[in-house]
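Coordinate inspection notes
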Amino acid sequence: QVQLVESGGGLVQAGGSLRLSCAASGRTFSRYAMGWFRQAPGKEREFVAGISRSGVYTYYGDSVKGRFTISRDNAKNTVYLQMDSLKPEDSAVYYCAADSRGALAAGTIAGEYGYWGQGTQVTVSS
């Protein structure tokens, strides 16, 4: 079991940056590949980024490649999402999730994640 709490969301102008953090409870954080997803009103939940258990391998959705960076600090039980060059279409609730399959690599499908945070709102104004 792992509990996740996101922080760092807010309102930013287009072209700006935000850094999201996700703090995990428990002593088994390093056993989980982690991911970030987002969901805008009326849209399906979308894969944003994933990171392997060790942090060596990272994966990104096509819409954020080159602009977002996922990282993790297993000593601090925290995963981060650095978001640069933000666009209005990046506005959404962003969720942190732990991949519950026990895989080394992170999945890209929401169903592969068994643990979710409550979400943090990101709004990008034009």
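Quick caveat: nothing in here was measured; it's all calculated off a predicted structure. (Residues numbered from 1 in each chain as written. Predicted model: local features only at pLDDT ≥ 70, side-chain atom pairs only at ≥ 80, totals over all residues. Heavy atoms only, no water.)

1. Quick notes on the overall build of the protein chain
Stated formally: In this description a helix means any DSSP run of H or I spanning at least four residues, a strand means any run of E spanning at least two, and both kinds are numbered starting from the N terminus. Restricting the calculation to C-alpha atoms gives the radius of gyration, and the globule rule supplies 2.2 Å times the number of residues raised to the power 0.38. The buried label goes to any residue with under 20% of its type's maximum accessible area, the exposed label to any with over 50%, and the partly exposed label to all in between, with areas taken from a 1.4 Å probe on protein chains only. Contacts between residues were defined by any pair of non-hydrogen atoms, one from each residue, lying within 4.5 Å. Computed with a 1.4 Å probe, the accessible areas rest on the Shrake-Rupley method; for each residue, only the protein chains presented here act as cover.
Counting its secondary structure elements, the protein chain contains 0 helices and 11 strands. Along the protein chain, helices and strands appear, N-terminal first, in the series β-β-β-β-β-β-β-β-β-β-β. Over its C-alpha atoms the protein chain spans a radius of gyration of 13 Å, differing by no more than 12% from the 14 Å that the globule rule assigns to 126 residues. With respect to the principal axes defined by its C-alpha atoms, the protein chain has extents near 40 × 25 × 25 Å. The 126 residues of the protein chain split such that 44% are buried. Within the protein chain, residue pairs in contact and separated by at least 24 positions form 58% of the contacts whose partners lie at least 6 positions apart. Summing over all exposed atoms, the protein chain offers an accessible surface of approximately 6300 Å²; the carbon and sulfur share of this is 48%.

2. Looking at the environment of Asn77
Structurally, Asn77 is set in the loop between β7 (68–73) and β8 (78–83). Sequence separation of Asn77 and Cys22 is 55 residues, and the distance between their C-alpha atoms is 8.4 Å. The residues touching Asn77, leaving out its near neighbours within four places in the chain, are Cys22, Ala23, Ala24, Ser25, Gly26 and Phe29.

3. Quick look at the pattern of salt bridges
For clarity, the cut-off: Note on definitions: salt bridges are taken to be side-chain nitrogens of Lys or Arg within 4 Å of carboxyl oxygens of Asp or Glu.
Tallying each qualifying case throughout the model produces 6 salt bridges. Note that Arg101 and Asp99 form a salt bridge whose closest N and O atoms lie 2.7 Å from each other. Overall, Asp99 belongs to the buried group, its relative accessible area being 1%. A network of salt bridges, in which partner residues are shared, links Arg38, Glu46, Arg67 and Asp90.

4. Brief notes about the sheet that holds strand β3 (residues 18–24)
Applicable threshold: The pairing criterion is simple: DSSP has to find at least two bridges between the two strands. In this analysis, axes come from line fits to C-alpha atoms, helices being fitted only over the stretch in contact, and the angle between any two N-to-C directions falls in the range 0 to 180 degrees.
Reading across the sheet, the 4 strands line up as β1-β3-β8-β7 and stay open at both edges, with antiparallel pairing between neighbours. For this open sheet the edge positions go to β1 (4–7) and β7, each flanked by a neighbour on one side alone. Ignoring which end each strand starts from, the neighbouring axes of this sheet average 15 degrees apart. Here 4 bridges tie β1 to β3, and the two strands are oriented antiparallel to one another.

5. Quick look at the nonpolar core
Basically, it comes down to this: Grouping buried Ala, Val, Leu, Ile, Met, Phe, Trp, Tyr and Cys residues that are joined through side-chain atoms within 4.5 Å yields what is termed a nonpolar core.
Membership of the largest hydrophobic core comes to 28 residues, with the highest contact counts inside it found for Met34, Trp36, Val79, Leu81, Met83 and Tyr94. Elements supplying a minimum of two residues to this core: β3, β4 (34–39), β5 (46–51), β7, β8, β9 (92–99) and β11 (120–125). Once residues lying within four places of it in the same chain are set aside, the contact partners of Met83 are Gly16, Ser17, Leu18, Leu20, Arg67, Phe68, Tyr94 and Val122. By size, the runner-up hydrophobic cluster in this structure holds 6 residues, among which are Phe47, Ala97, Ala106 and Tyr113.

6. Here's the deal with the state of the cysteines
What counts is decided by this rule: Throughout, disulfides are identified as pairs of cysteine sulfur atoms within 2.5 Å of each other.
Applying the stated criterion across every chain, the model contains 1 disulfide. At a sulfur-sulfur separation of 2.1 Å, the disulfide partner of Cys22 is Cys96. The chirality of the disulfide connecting Cys22 with Cys96 is left-handed, given an S-S dihedral of about -75 degrees. Here Cys22 is found in strand β3, whereas its partner Cys96 is found in strand β9, with 74 residues between them in sequence. Relative accessible area serves as the criterion here: at 0%, Cys96 is assigned to the buried category.

Purely geometric stuff here, so don't read any function into it on its own.
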